[in-house]
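# Working through the structure, step by step
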Amino acid sequence: MKKLFLSLVLAGFAFSTYSCRETTEEKTEDALEAIGKDIEENTERAAEEIEEEAEEVEREIHEEMHETDDDIQQ
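Moving on, we come to the overall build of the protein chain. Looking only at helices and strands, one finds one helix and zero strands in the protein chain. For the protein chain, with 74 residues in total, the buried portion stands at 3%.

Below, the structure is given as structure tokens:
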């Protein structure tokens, strides 16, 4: 009877350890996917902001070259 009980306890322990490991692997995989999405979204957002700033610089240069700056009063 002790052997049966001990076998069941060991089987339960092995099963719970295996289940926890799979859950941890799944959580880790999900976390890595979320990190990847965050990096992608932030990279796209940064690229858009850089593009907007570059367009603003281009406008400013054009205004200075043609003296059409809004700040200059004629």
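Moving on, there is more to tell.
Enumeration according to the criterion identifies one salt bridge in this entry. Put simply, R59 and E56 hold a salt bridge, and the shortest N to O gap is 2.7 Å. A residue pair is termed a helical-turn pair when its members lie 3 or 4 positions apart in one helix, as R59 and E56 do in helix 1 (residues 2–66) at three residues. The partly exposed category is assigned to R59, whose relative accessible area is 44%.

Rules of the game
- Residues numbered from 1 in each chain as written.
- Predicted model: local features only at pLDDT ≥ 70, side-chain atom pairs only at ≥ 80, totals over all residues.
- Heavy atoms only, no water.
- Helix = DSSP H or I, 4+ residues; strand = E, 2+ residues; numbered from the N terminus.
- Buried < 20%, exposed > 50% of the residue type's maximum accessible area, 1.4 Å probe, protein only.
- Salt bridge = Lys/Arg side-chain N within 4 Å of Asp/Glu carboxyl O.

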